[in-house]
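Spelled out, the chains give:
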Amino acid sequence: MSAYHLPGDPPVPLILRRSARAKRISLRISALDGRVTLTLPARLPAREALDFAAEKEGWIRDHLARHPTTVAVGIGSTLPVEGHPRQVVAGTKRGVQLGPQMLSVGGNSPARSLERFLKELARDRLAAASDHYAAQVGRSYEKLSLRDTRSRWGSCSSAGTLMYSWRLILAPPQILTYVAAHEVAHLVEMNHSADFWAVVTRLYGDSSGPRRWLREEGGALHRFRFDL
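Reading guide: rules and limits
Residues numbered from 1 in each chain as written. Predicted model: local features only at pLDDT ≥ 70, side-chain atom pairs only at ≥ 80, totals over all residues. Heavy atoms only, no water. Salt bridge = Lys/Arg side-chain N within 4 Å of Asp/Glu carboxyl O. Helix = DSSP H or I, 4+ residues; strand = E, 2+ residues; numbered from the N terminus. Core = buried A, V, L, I, M, F, W, Y, C linked by side-chain atoms within 4.5 Å. Buried < 20%, exposed > 50% of the residue type's maximum accessible area, 1.4 Å probe, protein only. Contact = heavy atoms within 4.5 Å. Pairing = 2+ DSSP bridges. Axes fitted to C-alpha atoms, helices over the stretch in contact; angles between N-to-C directions. Phe/Tyr/Trp six-rings, centres within 6.5 Å; stacked < 30°, edge-to-face > 60°. Lys NZ or Arg CZ within 6 Å of the ring centre and 35° of its normal.

## Here's the deal with the pattern of salt bridges
Pairing of side chains with opposite charge becomes possible as their charged atoms draw close. The final tally for this structure, using the stated rule, is seven salt bridges. Between Arg61 and Glu57 there is a salt bridge, with the nearest N and O atoms lying 2.9 Å from each other. With a gap of four residues between them, Arg61 and Glu57 both fall in helix H2 (residues 57-65), about one helical turn apart. Between Glu115 and Lys119 there is a salt bridge, with the nearest N and O atoms lying 3.7 Å from each other. Of this pair, Glu115 and Lys119 are both found in helix H3 (residues 110-137), four residues apart, which corresponds to roughly one turn of the helix. The network of salt bridges with shared partners includes Arg112, Glu115 and Lys119.

Set out below in structure tokens:
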């Protein structure tokens, strides 16, 4: 997979992905983070894919204009933690200090330090919520893992493994706890039947608000980039 750019102001990053199964060039813009991906046949020259993107430049830029702006996390940026915006400031000592309005970060790699800190905080919060709800249904889970998933906020395998997106730590606490209740409910009902939703309601209460928030606001959590 190679990275290129569509020239202009601003330049648009392009991801070129080759596929042995592709018969022609296809273009996709992620609804979650705005990544522009061109999939092309294995032997097609990259230049043809870039020319194709140039032909579609107007459509690409119009689409991206309606998408939340990507935020490169670093000193001076603003990042939500548990739903509250915090300004990232340079710290005098290594590590991350979480305050009511600021995130103080020391060291030479503030973005990476913040990402590690947020993942650890997400694990603590999600483990606590999962333990709480699992106790209520009288079931236990096998293990808990975190990923940076773009298609789902959580999952529960038939083996009892809970998986969550660590970016839930950026959302308000009630969103994180709803997702935990949702996935723990799958320990009882491995489906989305009426019985499943009855378990969710018993654990969490009315989940319509968090579900609506995730549909309308959840995608914006992926605009924060820690690798730019």
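There's more to say after this.
## Observations regarding the nonpolar core
Counting 47 residues, the largest nonpolar core has Leu79, Leu118, Tyr164 and Val184 as the members making the most contacts within it. Looking at this core, the elements that each hand over two or more residues are strand S6 (78-81), strand S9 (102-106), H3, strand S10 (143-147), strand S12 (161-165), helix H4 (173-185) and helix H5 (194-204). With 10 residues, the top contributor of residues to this core is H3. Each residue touching Leu79, except ones within four places of it in the same chain, is listed here: Val73, His84, Pro85, Arg86, Val88, Leu103, Leu118, Leu170, Phe224 and Phe226. Ile25, Ile29, Ala46 and Ala49 belong to the second largest nonpolar core, which has 15 residues in total.

## A closer look at the sheet that holds strand S7 (residues 84-90)
Backbone hydrogen bonds are what pair the strands of a sheet, in a parallel or an antiparallel way. The mixed open sheet is built from four strands, whose spatial order is S6-S7-S9-S8. The strands lining the two open edges of the sheet, one partner per strand, are S6 and strand S8 (95-98). With direction set aside, neighbouring strand axes in the sheet form an average angle of 30 degrees. Its contacts with the sheet place H3 against S6, S7, S8 and S9, and it is angled at close to 120 degrees to S9.

## Topic: unusual backbone geometry
Not every positive phi belongs to a glycine, and Glu82 is a case in point at roughly 55 degrees. Mapped onto the fold, Glu82 is located in the loop between S6 and S7. Overall, Glu82 belongs to the buried group, its relative accessible area being 19%.

## What to know about the environment of Ala22
Looking at where Ala22 falls in the secondary structure, it is placed in the loop between strand S2 (12-19) and strand S3 (26-29). Residue classification places Ala22 among the buried residues on the basis of a relative accessible area of 17%. Excluding residues within four positions of it along the chain, Ala22 makes contact with Thr39, Leu40 and Pro41.

## Brief notes about the environment of Phe117
With respect to the helices and strands, the residue Phe117 is situated in helix H3. Sequence separation between Phe117 and Gly95 is 22 residues; the distance between their C-alpha atoms is 8.1 Å. Those residues within four positions of Phe117 in sequence are excluded, and the remaining contacts are Val96, Leu98 and Leu103.

## Concerning the packing of aromatic side chains
Taken as a whole and assessed by the stated rule, the structure comprises three aromatic pairs. Centroid distance Trp166 to Phe226: 5.6 Å. Interplanar angle 65 degrees. Geometry classified as edge-to-face. Of the two residues, Trp166 is situated in the loop between S12 and H4 and Phe226 in the segment after strand S13 (224-225); the sequence distance between them amounts to 60 residues. Using a relative accessible area of 2% as the deciding quantity, one classes Trp166 as buried. On the basis of relative accessibility, which here comes to 5%, the residue Phe226 falls in the buried class. Here the aromatic rings of Phe196 and Trp197 are separated by 5.0 Å at their centres, their planes lie at 75 degrees, and the arrangement is edge-to-face. On the accessibility criterion, Trp197 (24% relative accessible area) is partly exposed. Positioned above the aromatic ring of Trp197, the side-chain terminus of Arg211 is 4.3 Å from the ring centre.

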